[in-house]
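# Secondary and tertiary structure notes
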Amino acid sequence: MAGAGARHRAAARPRPGVGETAPVRRLLIAATLLVLGCVLVLPLVSVFAEALRGGLGAYLASFRDPEALAAIRLTLLVAAIAVPVNIVFGLSAAWAIAKFSFPGKRLLITLIDLPYAVSPVVSGLVYIMIYGAHGVLGPWLAAHDLQVIFAVPGIVLATIFVTFPFVARELIPLMEEQGTEQEQAAMTLGASGWQTFRRVTLPNVRWALLYGVILCNARAMGEFGAVSVVSGHIRGKTATMPLQVEILYNEYNYVAAFAVASLLAMLALATLVAKAVVERRAGAASAQLATTGTATELQPREAP
Amino acid sequence: MKPGRTRRRVGVLPGFGPTLGITVFMVSVVVVIPLTGLFVRSAGLGFGGVWETVTTSRVLAAFRLSFGASLIAAAINAVVGFLVAWTLVRYEFPGKRIVDALVDLPFALPTAVSGIALTALFAPQGWVGRLLAPLGLPVAFTPLGVTVALIFIGLPFVVRTLQPALMDLDAEVEEAAAVLGAGRLQILGRVILPTVLPALLTGTTLAFARAVGEYGSVVFISGNMPHKTEIVPLLIVAKLEQYDYAGATAIGAVMLVLSFAILLAVNLLQGWTGRYREGN
Amino acid sequence: MSIEARHITKTFGAFRALDDVSLTVPTGRLMALLGPSGSGKTTLLRIIAGLEQADHGSGQVLFDDADVAVRPVRRRGVGFVFQHYALFRHLTVFDNVAFGLQVRPRKERPDKEEIRRRVGDLLRMVQLDTLADRYPGQLSGGQRQRVALARALAVEPQVLLLDEPFGALDAKVRKELRVWLRRLHDELHVTSVFVTHDQDEALEVADRVVVMNEGRIEQEGTPDEVFHHPATEFVMRFLGEVNQFHGRVDAGRVAFADVELDAGDHGRLAGPARVFVRPHEWDVSLAPPPQAAIRAVVKRVQSAGPVVRLELRTADGALLNAELPQETLEQLGLAAGSEVHVTPRRLRVFAADRLPPTAGD
């Protein structure tokens, strides 16, 4: 997926010599809206419709359930651990990979990308094979009375795994593109390494970082497959919100299931809004950079 | 500073050691060791053991469904995704920014939520299911339902990969084709499609890869009947619930190998995308 | 085929790119549209090609006296060379050139053998026959330019339009291609129009030059006419360096910078005027010449190159540029600090009743 900045671009000026006639254009727009309406909007609307099927009272009552509250608390806790870990890792990886050259760099990037390609269920499975009762470290963990699988640490680990590439993958291409000139300039002006990072590097990548954090957070709070495998579904203890949705749904408690789901849907909508805002900001920031940067195109071209 | 270290550093920036250390440590602990662990465990089963597990009829049926439904969904997404990306890049219409943002909904919506929402829609008494049932077209709890869920989660991959490629199309190139006498469909077929084909294939492959491993949005709508509507990830969960760790490991290892193969294909495709670039 | 544009106006939002422009290109001529960025030259070219439309209700484009408004771009039969070539990067050089033939309706399409022969001929003509299987990404800028030209010529256009054909090339390749384009035109005699912002290119290559500014045509003529007899101040400034003075014309004489000279052709003007002298049109001498001359001090001598450039400061503090042959410098023995007298061999005077146009370069 492209970075935050690349995706926001102004539409080109219409070219009357080529392009579709107005009826064709309208037909294609209508087809797109129809398809997206059916594929995307309808499921989203149905979440809220199902949640409110029993009326507002029943909807709100779903959130007084102590298990639902425990699920919300656990989800927040997992995200509160996984997201900062990913920020530290993402910044470290991007600094090492983008600002230096060393052998094995491509391999490292590929390894960071791997979790994208792995099925969530397989992600959960590999942690069971390491930390589970039958896992490699299982006997040692049991001897020390540490429980990872079917407990919160396992959920956190699985979440870190599935969100692992999010921050790093936003930062690496951007920081590679920006090069090291500005940092070197800061160093020649007497800045320390940390000052250089804080005052030069971080401001340059802040939108991409925020973008990565938004995506990472959404996935951390919403991950289902991997967490489902390692959690053991212990109600009120190791059930995150998505797992709570499943538990309630499988008990035919649809209103409560969709009520919890509606919170997650609102999180998704908030994520989309935040993402769009960051993309616009990043687009504006990179446009500003282009006018002050050195790589401006100086080709004579007729207005407008 | 040791001379050996300065050689591999670009300029004078500090922090290479610690950041690379953190990175390598994290990659090892989070990715490399766990994934290697799975292979070591499956190696313990022996090739024969793995083969025996994954060639039982139930597992084979699951692989057939997972790959078949994913392939169909990816193909549909290629067509629909092209339409959506084209419209979003080329035309202006009210609400375009909202529509553009909404394309990412399947990324942002937790899969369990998508799963129960799609099931509610397509169940025989749901909003859509009610319309389809009289046509003799049951969706929920059939392979068709699995495909519908996979279309939902795969769509943004195609759209988001195609959009930048379509934006990068040089308007002058289309004008050049028009000046040379090409009609609109000829321009689409001979100029636009070949130029964005690598991006289209990359996006479709990504959608396919995601679909093969997808779990949350499928398990609710599929009905999970062995031999009929059971997908591979679900089968792994089922094996785990029966404490059949060997079986789960064997299937998981095969899935992992297939994922790597697809990842490799995507990387090759991306190399192909760059083949017309200057200097190649 | 002749091209005629009549009363073309084109606006982009609030920006008026073309303002009632009329132009005729006789059959077989090579015409340059010369002007700074934003002067409307590319827009005019694109309207002739059918890639843009003139504002609703304004103007006509005629090919051999037939209105082409009803013919969309793909049916106009023009060859168009784009500034950045717009080559199809997924097609080889051969397939790029063959494209225009291959997209013809089946009835009009030459057979495969014929296409191969024609493309081969064109590639030999542009000296690229050995690179037929390469992709555009593997070619140099000059080679791409020639592919673009061969591709445009493959459909045997009656009209060839080129948008800044050499704009994206480096100086040396640009010079070579200029000569080559001129020779090609002399062989093919296709009515051609090319857009450029480089006056040397226009003056060297074209039969006729149209100087454009702010959506209007300032002057049209042969390269000699526009260079030696600029019709407007803008043309004077755009086609080379100038020294500019404020002065007055009275009774056939022009007064500026402490001198009064015969106004020559410009004598019929009266009142405030702007006087222009090109740097190479000064006479420089150590002793006061018989006619009136401006006294100046040499500030700087730049003698590396075929001509010597002098920077002079007049008694009233104005800076002048002059260009002399190397021998003259040696004869006069000039150096920084020398006191000299300069007098124009030739000057051009324009009435100062309107604001000076902005200089092109």
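Above this text is the structure in question.
Worth saying up front: this structure is predicted, and the values here are computed from it rather than measured.

### Looking at the pairing of strand S12 (residues 253-256) of chain C
All names here are of chain C. The alternating pattern of S12 places Val254 and Phe256 on a buried face and Arg253 and Ala255 on a face that is not buried. Note: strand S11 (residues 243-250) against S12, 4 bridges, orientation antiparallel. Paired with Val249 across the strands is Val254, a residue of S12. Where S11 hands over to S12, the hairpin turn is made up of 2 residues, of which Ala251 adopts a positive phi near 50°. Pairing of S12 with strand S13 (residues 259-262), which is carried by 4 bridges, proceeds in the antiparallel orientation. Bridge pairing in S13 links Ala255 to Glu260. Linking S12 to S13, which pair antiparallel, is a turn of 2 residues; within it Ala257 sits at a positive phi near 40°.

### Considering the interface of chain B and chain A
Listed by partner, the interface residues are 86 residues for chain B and 90 residues for chain A. Between chain B and chain A the total buried area reaches about 8,000 Å² when both faces are included, carbon and sulfur atoms providing 80% of it. The largest per-residue losses of area from chain B upon contact with chain A belong to B:Leu13, B:Tyr91 and B:Ile116, which jointly make up 8% of the total buried on that side. Remark: the boundary between chain B and chain A carries 8 residue pairs in polar contact (both at pLDDT 80 or more).

### Re the packing of aromatic side chains
Taken as a whole and judged by the stated rule, the model has 28 aromatic pairs over all chains. A ring pair is formed by A:Tyr249 and A:Tyr254, whose centres lie 5.0 Å apart and whose planes are at 50°; its orientation type is tilted. Given a relative accessible area of 13%, A:Tyr249 falls into the buried group. Considering the side-chain rings of B:Phe39 and B:Phe260, the 6.3 Å spacing of their centres and the 50° angle between planes classify their relative orientation as tilted. Of the two residues, B:Phe39 sits in helix H2 (residues 16-54) while B:Phe260 sits in helix H13 (residues 245-273), which places them 221 residues apart along the sequence. Residue B:Phe39 is classed as partly exposed on the basis of its relative accessible area of 30%. Overall, the relative accessible area of 26% leaves B:Phe260 in the partly exposed class. Grouped by ring-pair contacts, the aromatic residues A:Phe224, A:Tyr249, A:Tyr252, A:Tyr254, A:Phe258, B:Tyr215 and B:Phe220 constitute a single cluster. Above the ring of C:Phe88, the side-chain terminus of C:Arg151 is found at 4.7 Å from the ring centroid.

What counts, and where the lines are drawn
- Residues numbered from 1 in each chain as written.
- Chains lettered and ligands numbered in written order.
- Predicted model: local features only at pLDDT ≥ 70, side-chain atom pairs only at ≥ 80, totals over all residues.
- Heavy atoms only, no water.
- Buried < 20%, exposed > 50% of the residue type's maximum accessible area, 1.4 Å probe, protein only.
- Helix = DSSP H or I, 4+ residues; strand = E, 2+ residues; numbered from the N terminus.
- Pairing = 2+ DSSP bridges.
- Contact = heavy atoms within 4.5 Å.
- Buried area = accessible area lost by both parts, 1.4 Å probe.
- Polar contact = N/O pair within 3.5 Å; in protein donor to acceptor, adjacent residues only side chain to side chain.
- Phe/Tyr/Trp six-rings, centres within 6.5 Å; stacked < 30°, edge-to-face > 60°.
- Lys NZ or Arg CZ within 6 Å of the ring centre and 35° of its normal.

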